[in-house]
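# Per-entry structural report
Letter by letter, the chains look like this.
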Amino acid sequence: MTLTAHRPQDARPFPGDGARAACDEACKVLLRAWHDYEVLKALGAPRDAVSEALGALQRARGEVARRRLMATC
């Protein structure tokens, strides 16, 4: 399943489906954080803003890694 694909509502839930949903959400947050960081960097934003975006990106990476340990993404 890709990040943009939606599981049909009548589909039978997988075991640990809540963990999969949390992992999917963490991946979406990671993509948004990466996008924000790249845009700020490309625009030549102030160093503080880029540094803050980089910190958010690193936290999102850590969250995805943690979620992957709990569920297969």
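An account of the accompanying structure is given in this report. (Residues numbered from 1 in each chain as written. Predicted model: local features only at pLDDT ≥ 70, side-chain atom pairs only at ≥ 80, totals over all residues. Heavy atoms only, no water.)

What follows is about the overall build of the protein. Assigned secondary structure in the protein consists of two helices and zero strands. Across the 73 residues in the protein, those meeting the buried criterion constitute 16%. Considering only residue pairs separated by 6 or more positions, the protein has 55% of its internal contacts joining residues 24 or more positions apart. (Helix = DSSP H or I, 4+ residues; strand = E, 2+ residues; numbered from the N terminus. Buried < 20%, exposed > 50% of the residue type's maximum accessible area, 1.4 Å probe, protein only. Contact = heavy atoms within 4.5 Å.)

Now for helix H2 (residues 47-70). End to end, H2 covers 35 Å across 24 residues, agreeing with the expected 34 Å (1.5 Å per residue, within 8%). Every buried residue belonging to H2 is among Val50, Ala53, Gly55, Leu57, Ala60 and Val64, and all of these are buried. (Expected span 1.5 Å × (residues − 1).)

A word on the environment of Glu63. In this structure, Glu63 sits in helix H2. Of the residues examined, Glu63 reaches a relative accessible area of 27% and is grouped as partly exposed. Taking the C-alpha atoms as reference, Glu63 lies 8.5 Å from Leu30; in sequence the two are 33 residues apart.

Counting across every chain of the model gives four salt bridges. In this structure, Lys41 and Glu38 form a salt bridge, with 3.8 Å as the shortest nitrogen-oxygen distance. Placement of both Lys41 and Glu38 in helix H1 (residues 17-43) is noted, with a separation of three residues, approximately one turn of the helix. Look at Glu38 and you get partly exposed, because its relative accessible area is 30%. Between Arg67 and Glu63 there is a salt bridge, with its nearest N and O atoms 2.8 Å apart. Taken together, the positions of Arg67 and Glu63, both in helix H2 and four residues apart, correspond to about one turn of that helix. Connected through shared salt-bridge partners, Glu63, Arg66 and Arg67 make up one network. (Salt bridge = Lys/Arg side-chain N within 4 Å of Asp/Glu carboxyl O.)

A few words now on the nonpolar core. Ala33, Tyr37, Val50, Ala53, Leu57 and Ala60 together form the largest nonpolar core, which totals six residues. Of all elements in the fold, only H1 and H2 reach the threshold of two or more residues within this core. The biggest single contributor to this core is H2, with four residues. Ignoring anything within four residues of it in the chain, the contact list for Ala60 reads Val29, Leu30 and Ala33. (Core = buried A, V, L, I, M, F, W, Y, C linked by side-chain atoms within 4.5 Å.)

Enumeration according to the criterion identifies zero disulfides in this entry. Not engaged in a disulfide, the cysteine Cys27 finds its nearest cysteine sulfur in Cys23; these two sulfurs lie 4.5 Å apart. Overall, the relative accessible area of 11% leaves Cys27 in the buried class. (Disulfide = S-S within 2.5 Å.)

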